[in-house]
Amino acid sequence: MVNMSNPRAVNTFKSKSQLFETLNYLDRKHENDIARDVREGLTASQKYIPCKYFYDARGSKLFEDICRLPEYYLTRTEMSILRDIARDLMKTFAHQDLVELGSGANWKIRILLDAAGESNRSTLRYIPADISESAVIEASQGLLEIFPELDVLGIVADFTCQLEVLRTERPIMFLFLGSTIGNLCEHESISFLQNVSDNMKPDDRLLIGFDMVKPREILEAAYNDSQGVTSEFNKNILSVINRALGADFNPSHFDHWAFFNEEHSRIEMHLRANCDFSVKLESNRVEIEFKKGETTHTENSRKFTRASIEKMASQARLSIENWYCDPDGWFSIVEMIPDPRRSS
Ligand code: SAH
Ligand code: AVI
């Protein structure tokens, strides 16, 4: 069983052939966090909004559309690596749990479950964990239609502060794919990985996807696609805030802006005001002014090198077991285990 006893809600859903449960751990505190985070972010000298608020149902769908874009090489490159390694990873994988952090759509896990084969698959449990309830439900339903023998338990939780709900008694392979780790800043990613390591049993494993540094034109094109989907995704965060906080953002007052910041080795995504205006938050209790040209920082997407990954792993008390990448070295999947010296 999953460790924590008090989810806010336990919901049962139906896929074609069977029922599955989701446990929702996002509570009233999470709703208060949005108000606090947005107030803090929009009153800072460089305005910002934490990127975890991108992912309502529409944000999750827009991210899936991004993954299909020709410029967004990350998804297809990571999937090609997964296809290459899936058989080896899964051949002896039975009676264990696959816990996917920030699971999103089910595209990548399907590759691993396919490779597991039906007899091993019927002994596995897949635990998708995401802040987006709609993503967890839809991915689980879709997966059970393809693999009716699979056991699925959905978890709706914030992986930055609720990892303990994901502990189980069986050996776990944790997955943190898509370079979602790049959306955490350096110190957040180290404390996140330390926290994962602290929640790992000695035999657990962790597979992380990292987007690697590459020429600026390729990086910038991936975040400035020609169809404008990334721009829609970026502006969708304003609709999330409008709904959660009774705010009155007009998305057309902002332009999408994304560029590679070489010094910090990250793509930065911003929303730039295209006129002067003010916005009311929390049903008129707070008013924020925006000046034409001023930007609100909505996301960092860090790009890694082998050295930066090795440093981060060692700071988080994780040992690197295996390293997999595509022939161009654009993306890496790194397998880590808890450092045996982690408690000393
Ligand atoms: N792993 C998928 C999806 C990546 S998109 C892939 O590789 O394509 C990032 C996912 O992380 C989204 O589904 C989003 O809802 C989720 N997410 C972002 N911040 C989160 C948080 N703090 N806690 C839990 N899930 C989070
Ligand atoms: C989820 N995450 C890894 C994506 C990224 O590339 O940083 C989110 C994204 N933002 C813009 N495009 C995609």
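Our structure's up above, just so we're on the same page.
Residues numbered from 1 in each chain as written. Chains lettered and ligands numbered in written order. Predicted model: local features only at pLDDT ≥ 70, side-chain atom pairs only at ≥ 80, totals over all residues. Heavy atoms only, no water.

Draft legend 1. How the structure looks around the pattern of salt bridges. Per the counting criterion, the structure on display carries 25 salt bridges. By sharing partners, the salt bridges in this structure join Lys 61, Glu 64, Asp 65, Arg 68 and Glu 138 into a single network. (Salt bridge = Lys/Arg side-chain N within 4 Å of Asp/Glu carboxyl O.)

Draft legend 2. Summary view of the site of ligand 1. Around ligand 1 lies a shell of 18 residues, among which Gly 102, Lys 108, Asp 130, Asp 158 and Phe 159 are the nearest. In the environment of ligand 1, a nitrogen atom lies 2.7 Å from a nitrogen or oxygen atom belonging to the backbone of Gly 102. Class assignment of the residues belonging to the shell around ligand 1 gives a composition of six nonpolar, seven polar and five charged. (Near = heavy atom within 4 Å. Polar contact = N/O pair within 3.5 Å; in protein donor to acceptor, adjacent residues only side chain to side chain. Nonpolar A, V, L, I, M, F, W, Y, C, P; charged D, E, K, R; others polar.)

Draft legend 3. Structural detail: the layout of surface pockets. Taken as a whole, the second largest pocket encloses approximately 410 Å³ of empty space. Within the residue set of the lining of the second largest pocket, elements represented by two or more residues are helix H1 (28-42), helix H5 (133-146) and helix H8 (229-245). Of the residues belonging to the lining of the second largest pocket, the class tally is nine nonpolar, four polar and seven charged. (1 Å grid on protein atoms, 1.4 Å probe; cavity = no way out; pocket = protein on both sides within 12 Å on 5 of 7 lines; lining within 4 Å. Points joined across faces, edges and corners; volume = space filled by probe spheres on them. Helix = DSSP H or I, 4+ residues; strand = E, 2+ residues; numbered from the N terminus.)

Draft legend 4. How the structure looks around the packing of H1 against H8. Orientation of H1 relative to H8, taken along the N-to-C sense of each, is 125°, at an axis distance of 10 Å. One way to sum up the angle between H1 and H8 is to call them oblique. Of the two possible hands of crossing, H1 and H8 adopt the one that is left-handed. Across the interface between the two elements, Ile 34, Ala 35 and Val 38 of H1 pack against Ile 241, Ala 244 and Leu 245 of H8. Residues of the contact of H1 with H8, tallied by class, amount to six nonpolar, no polar and no charged. (Axes fitted to C-alpha atoms, helices over the stretch in contact; angles between N-to-C directions. Parallel < 35°, antiparallel > 145°, perpendicular 65-115°, else oblique. Left-handed = near helix turned anticlockwise from the far one by under 90°. Contact = heavy atoms within 4.5 Å.)

Draft legend 5. Representation of the site of ligand 2. Taken together, the neighbourhood of ligand 2 is formed by 14 residues, with Tyr 72, Asn 183, Tyr 223, Glu 299 and Ser 301 sitting nearest. For ligand 2, an oxygen atom lies 2.6 Å from a polar atom in the side chain of Ser 301. Protein burial of ligand 2: of its 340 Å² of free accessible surface, 98% is covered by the chains. Where the shell around ligand 2 is concerned, the elements lending two or more residues are helix H2 (57-67), H8 and strand E12 (295-302). (Areas by Shrake-Rupley, 256 points an atom, 1.4 Å probe, with all protein chains shown as cover.)

Draft legend 6. The arrangement of the side chain of Asp 37 in detail. Within the element layout of this structure, Asp 37 appears in helix H1. When residues no more than four places from it in sequence are discounted, the contact partners of Asp 37 are Pro 50, Lys 52 and Tyr 53.

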